[in-house]
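Here is how the chains run, residue by residue.
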Amino acid sequence: NQIFLIENDAFIGLENLKYLYLSYNLLKNFYSTSNLNSLKIFDLSFNLIEILNKEMFESMKIIEKIWLKKNKLKKIEKSVFSLITNLKILSIEYNEFEAITFGFEKLNYIDKLNLSYNGMRILHKFLFNNSKRINLLDLSQFSKNFSKIN
């Protein structure tokens, strides 16, 4: 597909939707609507998203898996995942991050976190401070210019 815009009321009537796959489109942003509160799996891979903001996931309180592979992600805004208490898998590999300073502090139940193949050069301390249940943390091919843990 070549979807570049999803209007606010596009998912009205889909209150029981559990799986939403929007990969391989031209989306630059996505704003969650209140009727996506049953969503468990959300795939936005292979789009053009640059910033993760709180509005993207605010109604997805029980979501378990989010895939954001191969976007243009450069920034995660503070408290993006603060309302998501059930997230187990977060895949944000192959993006354009140089550094991530926060965003994972509320992911208490995350099991798999994939940050591989990003351009990150700095890994900030306390980034995974409350993520005690991580079983798989993929930082492979982090950056050829990786310099330090700050």
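Residues numbered from 1 in each chain as written. Predicted model: local features only at pLDDT ≥ 70, side-chain atom pairs only at ≥ 80, totals over all residues. Heavy atoms only, no water.

Before we go on, may I ask you to explain the overall build of the protein in this structure?
Across its full length, the protein holds zero helices and 11 strands. Mapped in sequence order, the helices and strands of the protein form the string β-β-β-β-β-β-β-β-β-β-β. Radius of gyration (C-alpha) of the protein: 15 Å, near the 15 Å computed for a compact globule of 150 residues. By residue count, 39% of the 150 residues in the protein fall in the buried class. Considering only contacts within the protein whose residues lie at least 6 apart along the sequence, 41% involve residues at least 24 apart. Placing the 21 positive and 15 negative side-chain charges of the protein at their respective mean positions leaves the two points 8 Å apart. (Helix = DSSP H or I, 4+ residues; strand = E, 2+ residues; numbered from the N terminus. Rg over C-alpha atoms; globule rule 2.2 N^0.38 Å. Buried < 20%, exposed > 50% of the residue type's maximum accessible area, 1.4 Å probe, protein only. Contact = heavy atoms within 4.5 Å. Lys, Arg positive; Asp, Glu negative; His and termini not counted. Charge placed at Lys NZ, Arg CZ, Asp CG, Glu CD.)

How do you make sense of the pattern of salt bridges when you look at a structure like this?
Per the counting criterion, the structure on display carries four salt bridges. The partner of E64 in a salt bridge is K40, with the nearest N and O atoms 3.5 Å apart. Remark: K40 occurs in the loop between β1 (19–21) and β2 (41–43) and E64 occurs in the loop between β3 (51–52) and β4 (65–67); sequence separation between them is 24 residues. Judged by relative accessible area, which is 27%, K40 ranks as partly exposed. Across the pair D111 and K112 runs a salt bridge whose closest N-O atoms are separated by 4.0 Å. By relative accessible area, D111 is classed as partly exposed at 22%. Taken together, the shared-partner salt bridges connect K72, K74 and E96 into one network. (Salt bridge = Lys/Arg side-chain N within 4 Å of Asp/Glu carboxyl O.)

Whenever I open this one, the side chain of S38 confuses me. Can you help?
Within the fold, S38 resides in the loop between β1 and β2. S38 has contacts with E15, N16, L17, K18 and I62, leaving out every residue within four places of it along the chain.

Just to check I follow, could you spell out the sheet that holds β2 for this structure?
Neighbouring strands of a sheet are bound in pairs by backbone hydrogen bonds; such pairs are parallel or else antiparallel. Spatially, the six strands line up as an open sheet ordered β1-β2-β4-β6-β8-β10, and their pairing is parallel. Both edges of this open sheet fall to β1 and β10 (136–138), since each of them pairs with a single strand only. Here the strands of the sheet are splayed against their neighbours by 5° on average, with no regard to which way each runs. Two strands pair when backbone bridges link them, and strand β6 (residues 89–91) and strand β8 (residues 112–114) are joined in this way by three bridges, in the parallel orientation. Of the residues in β8, the one forming a bridge with L90 is L113. (Pairing = 2+ DSSP bridges. Axes fitted to C-alpha atoms, helices over the stretch in contact; angles between N-to-C directions.)

Honestly, a nonpolar patch on the surface in this entry has me stumped. Any pointers?
A surface patch of nonpolar side chains, about 330 Å² in accessible area, is lined by F4, L5 and L26. Positionally, L5 belongs in the segment before β1. Residue classification places L5 among the exposed residues on the basis of a relative accessible area of 53%. (Patch = residues over 30% accessible without salt bridge, like charges linked within 9 Å, V, L, I, M, F, W, Y side chains within 5 Å. Areas by Shrake-Rupley, 256 points an atom, 1.4 Å probe, with all protein chains shown as cover.)

What is the right way to look at unusual backbone geometry in this model?
Only a minority of non-glycine residues have a phi that is not negative, and only a minority of peptide bonds are not trans. Notably, S79 is not glycine yet its phi reads approximately 65°, a positive angle. As for its placement among the helices and strands, S79 is situated in the loop between β5 (75–76) and β6. Assessed through its relative accessible area of 23%, S79 is described here as partly exposed. Of note, the phi angle at Y117 is positive, near 55°, even though the residue is not glycine. Within the secondary structure, Y117 sits in the loop between β8 and β9 (122–123). By relative accessible area, which is 36% here, Y117 ends up partly exposed.

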